[in-house]
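Examining the three-dimensional arrangement
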Amino acid sequence: MIDHLTFAIYLTSNEKMKSNIKFGSYDVEGIDPTTTLTLIRTVNTTSWALKANDFKIGSIPLLIYGDRQAVIEPSSPFIYVPGDDFQKIARALM
């Protein structure tokens, strides 16, 4: 039985250790002692969407229409953004 709707992914490039995934919790032993675990609440329990109040590249603000949602899609290698935002991001990167 899974007690909590959470999971943790542990990735390592150390050949002596194994990467793994744990459902329902996380293990403190799996966290690098020099880092701090940060929990980020999604906007609801049915998606990977995060509340996005502000995005910047350097000091250039990128949100055009105010509050947005940033959707994390672990199975996709692409970043999807609305067309107007894409133009602004492209200009900021030039």
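As a starting point, this report considers the structure included with it. (Residues numbered from 1 in each chain as written. Predicted model: local features only at pLDDT ≥ 70, side-chain atom pairs only at ≥ 80, totals over all residues. Heavy atoms only, no water.)

**A short note on the layout of surface pockets**
Note the threshold: Within this scheme a cavity is a closed region of a 1 Å grid, computed over the protein atoms alone, that accommodates a 1.4 Å probe without allowing it to escape, whereas a pocket is open but has protein on both sides within 12 Å along at least five of seven lines; lining residues each have an atom within 4 Å of a point. Grid points are joined across faces, edges and corners, and a volume is the space filled by probe spheres set on the points. A run of H or I in DSSP becomes a helix once it reaches four residues, and a run of E becomes a strand once it reaches two; helices and strands are each numbered from the N terminus. Residues are grouped as follows: Ala, Val, Leu, Ile, Met, Phe, Trp, Tyr, Cys and Pro are nonpolar; Asp, Glu, Lys and Arg are charged; every other residue, Gly included, is polar.
Estimates place the volume of the largest pocket at around 1,200 Å³. Taken together, 29 residues form the lining of the largest pocket, with Thr6, Phe7, Leu39, Ile40 and Trp48 sitting closest to its centre. With four residues, strand 1 (residues 7–10) is the single largest residue contributor to the lining of the largest pocket. When the residues that make up the lining of the largest pocket are grouped by side-chain class, the tally is 15 nonpolar, 13 polar and one charged. What the second largest pocket holds in volume is close to 640 Å³. Around the second largest pocket, the lining comprises 21 residues; the ones closest to its centre are Phe55, Ala70, Ile79, Tyr80 and Val81.

**Brief notes about the pattern of salt bridges**
Note on pairing: side chains with opposite charge can pair once their charged atoms come close. This is how the line gets drawn: When a carboxyl oxygen of Asp or Glu is within 4 Å of a side-chain nitrogen of Lys or Arg, the pair counts as a salt bridge. Exposure classes here rest on a 1.4 Å probe applied to the protein chains alone. A residue is buried below 20% of its type maximum, exposed above 50%, and partly exposed in between.
Scanning the entire structure with this criterion turns up one salt bridge. For Lys22, the salt bridge goes to Asp27, with nearest N and O atoms at 2.7 Å. Residue class for Lys22 comes out partly exposed when judged on its relative accessible area of 26%.

**Some remarks on the environment of Glu29**
The residue Glu29 is located in the loop between strand 2 (20–23) and strand 3 (49–52) in this model. Between the C-alpha atom of Glu29 and that of Glu73, which follows or precedes it by 44 residues, the distance is 27 Å.

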